[in-house]
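Chain by chain, the residues run as shown.
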Amino acid sequence: MSRSGVIFLIIVARKVWRGDFDEERRGFFTSRKGHYEAVEIVGLYWHFVDLVWVFIFAFFYLW
């Protein structure tokens, strides 16, 4: 699960760095100018994974 998330993060980061969202380049999540929903979704996913790992680590450490 986390490997696919990291790959998705890399893909979205590359698209942001290249400016695909601002130039309306056709492709995966980049067809509308200025719509960064994909970036927000990836950020939410990353924070969810971070939160899950904090709880898993705390559970096993305190156990």
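Conventions adopted
- Residues numbered from 1 in each chain as written.
- Predicted model: local features only at pLDDT ≥ 70, side-chain atom pairs only at ≥ 80, totals over all residues.
- Heavy atoms only, no water.
- Helix = DSSP H or I, 4+ residues; strand = E, 2+ residues; numbered from the N terminus.
- Expected span 1.5 Å × (residues − 1).
- Buried < 20%, exposed > 50% of the residue type's maximum accessible area, 1.4 Å probe, protein only.
- Phe/Tyr/Trp six-rings, centres within 6.5 Å; stacked < 30°, edge-to-face > 60°.

A few words on helix 2 (residues 37-62). Between its first and last C-alpha, helix 2 extends 37 Å over 26 residues, near the 38 Å set by a 1.5 Å rise per residue. Taken as a whole, helix 2 has its buried residues at A38, V42 and V49.

Let's shift gears to the packing of aromatic side chains. Tallying each qualifying case throughout the model produces 2 aromatic pairs. Between the aromatic rings of F57 and Y61, the centroid separation amounts to 5.8 Å while the plane-to-plane angle is 10 degrees, which identifies the pairing as stacked. Taken together, the residues F57 and Y61, both in helix 2 and 4 residues apart, mark about one turn of the helix. Judged by its relative accessible area of 63%, Y61 is exposed. Ring plane angle 75 degrees and centroid distance 5.3 Å describe the contact between F59 and F60, whose orientation is recorded as edge-to-face. Relative accessible area serves as the criterion here: at 51%, F59 is assigned to the exposed category.

Once that is clear, we can look at the environment of V49. Structurally, the position occupied by V49 is in helix 2. The class for V49 is buried, based on a relative accessible area of 12%. Measuring from C-alpha to C-alpha, the distance between V49 and G5 comes to 9.1 Å, with 44 residues separating the pair along the chain.

What follows covers the environment of D22. Note that D22 resides in the loop between helix 1 (2-18) and helix 2. In this structure the C-alpha to C-alpha distance between D22 and Y36, which are 14 residues apart in sequence, comes to 9.3 Å.

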